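# Structure at a glance
These are the residues of each chain, in order.
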Amino acid sequence: MKKTVLDALNKQIQHEQNNAHIYQGVALYFKGLNLGGLAAWFEKQVEDERGHAQRLIDHVVDRNGEVQLGALPAPKVAYENPFEAVKSVLALEKSTTGMIDDLYELAKKEKDHALEVALHWFINEQVEEEQWATELAGLMEQFYKNPGQLYMLDHRWGGRVKKA
């Protein structure tokens, strides 16, 4: 594996692990508001992000590359309101999509066909990630100022965890 590719993969691994850390902070924020459904959803996302990092780690290890793990900054655990928390998650997912796209372009440029194929899963996953984040942000924008509607959104989103 070329050094440029390995460096980019290690950067993506760090990003995915940081995403998990950020989602843990968001889950704690919603727990603090007694919104258990949203907290459960974001706890599920913590595990998903860890799984994304592990997929990349496995790819590097399977190709005899060296994984470089770094320290993670403390995640934010307080937000101005629930909408701000969800907007930050949407921005995070869009950033992740951009990084995956860049990694795919690098794999193409470096003719790393194994990585190109592996990244197909991530590209499809990011479509799903951005879809739910966009949907939740739209709903949260409508309902976060109304406690009754926020409670209903929390209940609805918590139900998604049980289905997933």
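Residues numbered from 1 in each chain as written. Predicted model: local features only at pLDDT ≥ 70, side-chain atom pairs only at ≥ 80, totals over all residues. Heavy atoms only, no water.

### Focus on the side chain of Glu93
Tracing the backbone through its elements, the reader meets Glu93 in helix 3 (residues 82-109). Buried charge without a partner: Glu93 forms no salt bridge, and the closest opposite charge is Lys44, 10 Å away. Those residues in contact with Glu93 that sit more than four places away from it in its chain are Tyr23, Glu49, Gln126, Glu129, Glu130, Trp132 and Ala133. (Helix = DSSP H or I, 4+ residues; strand = E, 2+ residues; numbered from the N terminus. Buried < 20%, exposed > 50% of the residue type's maximum accessible area, 1.4 Å probe, protein only. Lys, Arg positive; Asp, Glu negative; His and termini not counted. Salt bridge = Lys/Arg side-chain N within 4 Å of Asp/Glu carboxyl O. Contact = heavy atoms within 4.5 Å.)

### Digging into the pattern of salt bridges
All chains considered together, the criterion is met by ten salt bridges. Between Glu84 and Lys76 there is a salt bridge, with its nearest N and O atoms 3.0 Å apart. Across the pair Arg156 and Glu135 runs a salt bridge, and its minimum N-O distance is 3.3 Å. Linking Arg156 in helix 5 (residues 147-163) with Glu135 in helix 4 (residues 113-143), this pair joins segments that are 21 residues apart in sequence. Judged by relative accessible area, which is 45%, Arg156 ranks as partly exposed. Residues joined in a network through salt bridges with shared partners are Glu135, Arg156 and Arg160.

### Describing the nonpolar core
Formed by 29 residues in total, the largest nonpolar core has its most connected members in Phe30, Phe42, Trp132, Leu136 and Met140. Of all the secondary structure elements, the ones that give two or more residues to this core are helix 1 (3-32), helix 2 (36-62), helix 3, helix 4 and helix 5. In contact with Met140, other than residues within four places in its own chain, are Phe30, Leu38, Pro82, Phe83, Val86, Leu150 and Leu153. Counting residues in hydrophobic clusters, the runner-up holds 15 residues, among them Val5, Leu6, Ala107 and Leu115. (Core = buried A, V, L, I, M, F, W, Y, C linked by side-chain atoms within 4.5 Å.)

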